[in-house]
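Each chain, written out:
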Amino acid sequence: MLHWGYDEDNGPSHWKEVFPIANGDRQSPIDIRTQDTKYDPTLRPLRPNYDPTSAKVILNNGHSTSVEFDDTENKSVLSGGPLIGNYRLRQIHFHWGPSDDIGSEHAVDGTKFAAELHVVHWNAEKYSTFVEAARQPDGLAVMAVFLKVGECNSQLKKITDLLDVIKVKGKQRTFTNFDPSWLLPHSLDYWTYLGSLTVPPLLESVIWIILREPINICSEQLAKFRSILCTGDGEVACRMLKNFRPPQPLRGREVRRN
Ligand SMILES: NS(=O)(=O)c1nnc(N(Cc2cn(-c3ccccc3)nn2)Cc2cn([C@@H]3O[C@H](CO)[C@@H](O)[C@H](O)[C@H]3O)nn2)s1
Ligand SMILES: [Zn+2]
């Protein structure tokens, strides 16, 4: 298989050929059956505490567009919720689809949203690097926010307005004074379950925290995501029309809610 992607010949159905953990028993994303979620009174409120100056660059890594943060110290952390201690903010990125009716990775009672924001953190209290944490069952915490088609999102505009500058794979641009909290909905109520990265190497190291309230995005902003390229300079251009992995088997896992 050539490099992994989301096309017919290198997409999610092929990933197991190179990453056998794709058939593991704590893979992500999942379809959240709300009737089967279990209220857990021990779950605490989520406490995001981000410093906007820790935002560094906006990047096209060929699979998504991300904002990378300075994670050399505990400047921006997530605590509370199901987490023990502080998880350090590493990056945010998005998943979307070829049309406004699909694009999210997680689903709720079989319903998908237009897109999904992931806020990626790592357990810097227990592990010394992100990559080491990515290999541990409690190494990563990813907060997911659903994006619902509606009014344009003024905070998201700060990102979508720059996408034409980082159109090709590998391009990045200075991007600071940005706080991911500005993208969060009013309610921080959530579902949580144990899962994996949804991109190769699909490591089973993620504590997933899915916010129950979506934020809005308009069609024009979604179209801008679809205009960036999964190819670099000099390659035959391929537009990043979709970058979501479909829901994976629950394998008996419990989904809790606060
Ligand atoms: N939807 S999600 O599960 O929340 C995520 N989607 N993208 C994410 N990134 C952060 C990240 C880095 N790594 C990682 C893991 C092990 C070794 C090195 C890096 N995992 N997540 C963006 C991202 C992913 N990667 C992966 O880096 C690997 C090593 O360079 C490379 O072999 C893979 O092809 C590439 O996917 N780099 N940056 S988390
Ligand atoms: Zn993601």
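A short tour of the structure in this document, coming up. (Residues numbered from 1 in each chain as written. Chains lettered and ligands numbered in written order. Predicted model: local features only at pLDDT ≥ 70, side-chain atom pairs only at ≥ 80, totals over all residues. Heavy atoms only, no water.)

Section: the state of the cysteines
And then number 1: The full count for this structure, using the stated rule, is two disulfides.
And then number 2: Here Cys152 pairs with Cys218 through a disulfide, and the sulfurs are 2.1 Å apart. Because the sign of the S-S torsion sets the handedness, a value of about 90° for the bond joining Cys152 and Cys218 places this disulfide among the right-handed ones. Here Cys152 is found in the loop between strand S10 (140-149) and helix H2 (154-160), whereas its partner Cys218 is found in the loop between strand S14 (215-217) and helix H3 (219-225), with 66 residues between them in sequence. (Disulfide = S-S within 2.5 Å. Helix = DSSP H or I, 4+ residues; strand = E, 2+ residues; numbered from the N terminus.)

Observations concerning the coordination of the zinc ion (ligand 2)
And then number 1: Coordination of the zinc ion (ligand 2) by the protein is provided by His93 (NE2), His95 (NE2) and His118 (ND1), with metal-donor distances spanning 1.9 to 2.0 Å.
And then number 2: Geometry at the zinc ion (ligand 2) is tetrahedral, judged from its four donor atoms and the angles of 99 to 116° they form at the metal.
And then number 3: Going along the chain, you hit the donors of the zinc ion (ligand 2) in the pattern H-x1-H-x22-H.
And then number 4: With relative accessibility at 14%, the residue His93 sits in the buried group. (Donors = N, O, S within 2.8 Å, 3.2 Å for Na, K, Ca; no water. Tetrahedral: all angles 85-135°; square planar, octahedral: opposite > 155°, others 65-115°. Buried < 20%, exposed > 50% of the residue type's maximum accessible area, 1.4 Å probe, protein only.)

Here's the deal with the nonpolar core
And then number 1: Among the nonpolar cores identified, the biggest contains 41 residues, and Val67, Ile92, Phe94, Leu117, Leu147, Ile159 and Phe178 are the most heavily contacted of them.
And then number 2: In terms of residues, this core owes the most to one element, strand S7 (residues 87-96), which gives five residues.
And then number 3: When near neighbours in sequence (up to four residues on either side) are disregarded, Ile92 contacts Thr65, Ser66, Val67, Phe69, Leu117, His118, Val119, Ile159, Phe178, Pro180 and Leu183.
And then number 4: Core analysis: the second largest hydrophobic core is formed by 21 residues, Phe146, Leu197, Trp208 and Ile210 among them. (Core = buried A, V, L, I, M, F, W, Y, C linked by side-chain atoms within 4.5 Å. Contact = heavy atoms within 4.5 Å.)

Quick notes on the site of ligand 1
And then number 1: The environment of ligand 1 is made up of 16 residues, and the closest members are Trp4, His95, Leu197, Thr198 and Pro200.
And then number 2: Contact between ligand 1 and His95: a nitrogen atom at 3.2 Å from a side-chain N or O atom of the residue.
And then number 3: Within the side chain of His118, an N or O atom sits 3.3 Å from a nitrogen atom of ligand 1.
And then number 4: For the shell around ligand 1, the elements supplying multiple residues, two or more each, are S7 and helix H1 (130-133).
And then number 5: Here the shell around ligand 1 gets three residues from one element, more than from any other, and that element is S7.
And then number 6: Considering only residue class, the shell around ligand 1 consists of 10 nonpolar, five polar and one charged. (Near = heavy atom within 4 Å. Polar contact = N/O pair within 3.5 Å; in protein donor to acceptor, adjacent residues only side chain to side chain. Nonpolar A, V, L, I, M, F, W, Y, C, P; charged D, E, K, R; others polar.)

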